[in-house]
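# A closer look at the structure
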Amino acid sequence: MIDRDVKQCLGQMTKGVQVVAARHDGVTRAYTSHWISQISFEEPVLLASVSPKHDTHPLIEAAGWFSVSILAGDQVEEGQYFSYPGRKFHRLFDEYLTETEVEGVGPVPHVVDCLAWLRCEIREKLDLGLDHDCYVVDVRDVGPGRLKADPLVYSSRHGWRVAGEKARAPGVSVRDRLLERLEEAGLEPG
């Protein structure tokens, strides 16, 4: 169990919200996640943390790939639906998922009208002895959606939020101000 103070501090971390879906032998399952991160600038590689308790987990293991739907700020309902195990809703609401046929792969499930979807192949499963399995995955196929819409984000402290408000004023370059301070100190950027 995580210490209460540590948990409160971790709860400040805001992360993008995705729906992870897997399909194998005609069965599709999906769940909401905010534990997927890009880990390389040079290659399209992600790190995904997946609970073995999810009914999606065995499908990921069997298929060797999964999809990631990046949710828009107006998709809280979809995020909430998939944040519960599908069995709680008796898997009644199938209007949230659609499929795109990918040559050599077959149908790839993803959330309707998401910002974008990614099909990720497992490169390596990391055995870290945690309550979640960690996968290093390669992004193999993508489907751009509403790329200009603001994304949905989540933190356990602040809940569901829409990202999008700019953090700095237009025309203001923080980088330029920092470089000016270096110049004033008589230093060159390192």
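For the structure, see preceding data.
Let me begin by describing the structure that accompanies this report.

Cut-offs applied
- Chains are numbered independently. Their residues run from 1 in the order of the written sequence.
- Local features in this predicted model are restricted to residues whose pLDDT is 70 or higher, and side-chain atom pairs enter the listing and the counts only when it is 80 or higher, whereas totals over whole chains, interfaces and linings include all residues.
- No hydrogens and no water enter the side-chain calculation; it runs on all heavy atoms of the structure.
- Only DSSP runs of H or I with at least four residues qualify as helices, and only runs of E with at least two residues qualify as strands; both kinds are numbered from the N terminus onward.
- Categorising residues by exposure relies on relative accessible area from a 1.4 Å probe, with only protein chains included: less than 20% of the type maximum marks a residue as buried, more than 50% marks it as exposed, and the intermediate range marks it as partly exposed.
- Whether two residues are in contact is decided by their heavy atoms, any of which lying within 4.5 Å being enough.
- Note on areas: these come from Shrake-Rupley sampling with a 1.4 Å probe, and a residue is covered only by the protein chains present in the view.
- Asp and Glu are treated as the negative residues and Lys and Arg as the positive ones, with His and the ends of the chain left uncounted.
- Charge coordinates come from a single atom per side chain, which is NZ of Lys, CZ of Arg, CG of Asp or CD of Glu.
- Only strands joined by at least two bridges in the DSSP assignment are considered to pair.
- Each axis is a line fitted through C-alpha atoms, and for a helix only the stretch in contact is used; angles between axes span 0 to 180 degrees, taken between their N-to-C directions.
- A carboxyl oxygen of Asp or Glu within 4 Å of a side-chain nitrogen of Lys or Arg is what we treat as a salt bridge.
- Patch membership is restricted to residues that have no salt bridge and whose relative accessible area is over 30%. Joining uses 9 Å for like charges and 5 Å for the nonpolar side chains Val, Leu, Ile, Met, Phe, Trp and Tyr.
- What we call a nonpolar core is a set of buried Ala, Val, Leu, Ile, Met, Phe, Trp, Tyr and Cys residues that are connected through their side-chain atoms within 4.5 Å.
- Polar contact is defined as a pair of N or O atoms within 3.5 Å, subject to the rule that within protein one atom must be able to donate a hydrogen and the other to accept it, and that residues adjacent in sequence are counted only when both atoms are side-chain atoms.

## Description of the overall build of the protein
Counting its regular elements, the protein contains four helices and 12 strands. Principal-axis analysis of the C-alpha atoms gives the protein an extent of 65 × 45 × 35 Å. Considering the protein as a whole, with its 190 residues, one finds that 34% of them fall into the buried category. Counted over contacts in the protein with a minimum sequence separation of 6, partners at least 24 positions apart contribute 60%. As displayed, the protein has an accessible area near 12200 Å², and 52% of this comes from carbon and sulfur atoms. Across the protein, the mean location of the 22 positive side-chain charges is 6 Å away from that of the 30 negative side-chain charges.

## Observations concerning the sheet that holds strand E5 (residues 45-50)
Within the open sheet, the seven strands sit side by side as E3-E2-E6-E9-E10-E5-E4. Their pairing is antiparallel. At either margin of the open sheet sits one strand with a lone partner, and together these are strand E3 (27-33) and strand E4 (36-38). Strand-to-strand twist across the sheet, computed as the mean angle between neighbouring axes with direction ignored, equals 30 degrees. Note that strand E9 (residues 116-126) and strand E10 (residues 133-144) share 10 bridges and pair antiparallel. When the bridges of E10 are listed, Trp-117 appears paired with Gly-143. Strands in contact with helix H3 (residues 76-83) are strand E2 (18-24) and E3; relative to E3, the strand with the most contacts, it is inclined by about 110 degrees.

## What about the pattern of salt bridges?
The full count for this structure, using the stated rule, is 14 salt bridges. Among the salt bridges present, the one from Arg-175 reaches Asp-176, with a minimum N-O distance of 3.9 Å. One continuous salt-bridge network, built from bridges that share partners, spans Glu-43, Arg-119, Glu-121, Arg-123, Asp-138, Arg-140 and Asp-141.

## As for a negative patch on the surface
Together, Glu-180, Glu-183, Glu-184 and Glu-188 make up a negatively charged patch on the protein surface. When you line up the elements, Glu-184 lands in helix H4 (residues 174-184). Given a relative accessible area of 67%, Glu-184 falls into the exposed group.

## Comments concerning the sheet that holds strand E1 (residues 15-16)
Within the open sheet, the three strands sit side by side as E1-E11-E12. Their pairing is antiparallel. Of all strands in the sheet, those with a lone pairing partner are E1 and strand E12 (159-162), marking the two edges.

## Describing the nonpolar core
In terms of nonpolar packing, the biggest core is built from 16 residues, with Leu-46, Ile-60, Phe-66 and Cys-120 touching the most fellow members. Within the residue set of this core, elements represented by two or more residues are E2, E5, helix H2 (57-63), strand E6 (65-70), E9 and E10. Setting aside residues up to four positions removed in sequence, Cys-120 forms contacts with Leu-46, Gly-64, Trp-65, Phe-66, Val-68, Val-137, Asp-138 and Val-139.

## Quick notes on a nonpolar patch on the surface
Taken together, the side chains of Ile-2, Val-6, Leu-10 and Met-13 present a nonpolar region at the surface, about 350 Å² in accessible area. As for its position among the elements, Ile-2 is in the segment before helix H1 (4-10). You can call Ile-2 partly exposed: its relative accessible area is 47%.

## Some details on the side chain of His-110
Mapped onto the elements, His-110 comes out in strand E8 (residues 106-111). Residue class for His-110 comes out buried when judged on its relative accessible area of 7%. Of the polar contacts made by the side chain of His-110, one reaches the side chain of Thr-100; its length is 2.7 Å.

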